[in-house]
Amino acid sequence: MALLLGLLMALHAQIPNRIGNLGSLVESVLPWFGVFVPVLLAGALWRRSASAVVALLLPAVVWLNLFGGQLGDRSHSGGDLTVISQNVDADNSDPAGTARDLAASGADLLALEEITPQALDTYEKALATTYPYHAVQGTVGLWSRLPLSDTQPVYDGMNYGPLAATRPADATLASDRAMRTTVATQQGPLTVYVAHLGSVRVNPRAGFSTAQRNRGVQALAEAVAAEKNERVMLLGDLNGTLDDRAFADLTAQMRSAQDVAGDGFGFSWPAAFPVARIDQILVRGVRPESAWVLPATGSDHRPVAASVSW
């Protein structure tokens, strides 16, 4: 079992996605396979099996090679710009309280996802004093201390199929889940994308269903690749961990602020007991100095934050 565990983690990229996206499912929970190492160690010690203890060196070394760098604090002091992103939850019973908590954070940019039409006015009023500039497209928005311009929706792959072109413009706008805008900083323009990608599901028949999410990933990767501005930031609920191969086209172009300058794994979901980081801050052309997870608000996701330098 120890050898199989080690091989599974070491060769995760070779697990095919042809059947139920099994490879992506394994990669989404890959860090948690390390939990089996102490469990198997306890069994080996109970059985007094020296060979089992030796065999456990394989999964232990593989896990440390994959994730050992995330165990410590990689953050640095300083930073020119602080950003926060949170899926505020369509079922949030206290959007005003969530807005107050986020405004008190001191962030320069605040990205919100899963904004409902009913709660939008609440967020706009509660954040107006702290953030004089904001832009909203569909269910995502960015609030800023700095001027914004060139705001536009980003086709994120959610509206597809033969009927997509027949949808009314107002219906399409209401369902927009990704946007692009430009932030005017003292160091020059910063392009910011805010996105809430499609949800994933696990069921016995279909396996790990990621089709909508993956279309959104591809659309964002293409938008970032075509972006002429050197400084780019992507904030949002991407409904996936960056270990999942589906994000390879994005991670090839951008760095995770948490991976570079975070403390630990930075799990953000679910808020009550986070077990995965599906809320991401990705950057290109700026240097992450620190990244962290904020305390829970009224949402089922915790806010994620990062400080960057030019």
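Residues numbered from 1 in each chain as written. Predicted model: local features only at pLDDT ≥ 70, side-chain atom pairs only at ≥ 80, totals over all residues. Heavy atoms only, no water.

Colleague: Sorry, what's going on with the environment of Trp310 here?
Modeller: Locating Trp310 in the fold gives a position in the segment after β14 (304-309). Residues Trp310 and Ala296, spaced 14 residues apart in sequence, show a C-alpha to C-alpha distance of 29 Å. Beyond its immediate sequence surroundings of up to four residues, Trp310 is in contact with Asp80, Leu81, Thr185, Gln187, Leu190, Arg231, Val286 and Arg287. At a separation of 2.5 Å, a polar atom in the side chain of Trp310 contacts the side chain of Gln187. (Helix = DSSP H or I, 4+ residues; strand = E, 2+ residues; numbered from the N terminus. Contact = heavy atoms within 4.5 Å. Polar contact = N/O pair within 3.5 Å; in protein donor to acceptor, adjacent residues only side chain to side chain.)

Colleague: Please explain the pattern of salt bridges as it appears in this structure.
Modeller: It is possible for side chains of opposite charge to pair when their charged atoms get near one another. What the rule picks out here adds up to five salt bridges. Note that Glu289 is salt-bridged to Arg287, the shortest N-O span being 2.9 Å. (Salt bridge = Lys/Arg side-chain N within 4 Å of Asp/Glu carboxyl O.)

Colleague: Any chance you could explain the sheet that holds strand β7 (residues 188-196) here in plain terms?
Modeller: Each strand in a sheet pairs with another by means of backbone hydrogen bonds, the pair being arranged parallel or else antiparallel. Taken in spatial order, the six strands make up an open sheet running β5-β6-β7-β10-β12-β11, and their pairing is mixed. The sheet is open, and its two borders are formed by β5 (148-153) and β11 (255-256), each paired with just one other strand. One ladder, built from four bridges, connects β5 with strand β6 (residues 178-185); its direction is antiparallel. Bridging across to β6, Pro153 finds its partner in Met179. Lying over the sheet, helix α9 (residues 211-226) contacts β6, β7, β10 (232-237) and β12 (279-284), oriented at roughly 170° with respect to β7. (Pairing = 2+ DSSP bridges. Axes fitted to C-alpha atoms, helices over the stretch in contact; angles between N-to-C directions.)

Colleague: Honestly, the confidence of the model for the chain in this entry has me stumped. Any pointers?
Modeller: Keep in mind that low pLDDT regions are not for reading the predicted coordinates in detail. On average, residues of the chain score 93 in pLDDT, and 94% of them reach the 70 mark or higher. Contacts from residues 160-174, a stretch scored under 50 in pLDDT, to residues over four places away or in other chains number twelve contacts. (pLDDT = per-residue confidence, 0-100.)

Colleague: How should I be thinking about the nonpolar core in this particular structure?
Modeller: Nonpolar side chains in soluble globular proteins generally cluster together in the buried interior. In terms of nonpolar packing, the biggest core is built from 23 residues, with Val83, Leu109, Leu142, Val192, Met233, Leu235 and Ile281 touching the most fellow members. Looking at this core, the elements with two or more residues in it are β1 (81-87), β2 (109-113), β4 (140-144), β6, β7, β10, β12 and β14. Excluding residues that lie within four positions of it along the chain, Ile281 makes contacts with Val83, Leu234, Leu235, Arg255, Ser256, Ala257, Val304, Ala305 and Ala306. In this structure, Leu197, Val217, Leu220 and Met254 belong to the second largest nonpolar core, which totals 18 residues. (Core = buried A, V, L, I, M, F, W, Y, C linked by side-chain atoms within 4.5 Å. Buried < 20%, exposed > 50% of the residue type's maximum accessible area, 1.4 Å probe, protein only.)

Colleague: Help me understand the side chain of Asn239, please; the structure alone is not making it clear to me.
Modeller: With respect to the secondary-structure elements, Asn239 resides in the loop between β10 and α10 (248-251). Setting aside its immediate chain neighbours within four residues, Asn239 contacts His196, Leu197, Gly198, Ser199, Val200, Arg213 and Ile278.

Colleague: I keep staring at the environment of Leu8 and nothing clicks. Help me out?
Modeller: Within the element layout of this structure, Leu8 appears in helix α1 (residues 2-10). Residue Leu8 is classed as partly exposed on the basis of its relative accessible area, which comes to 28%. Each C-alpha atom of the pair Leu8 and Val26 lies 9.0 Å from the other, and the pair is 18 residues apart in sequence. Here Leu8 is in contact with Ile15 and Phe33, once residues within four sequence places are set aside.

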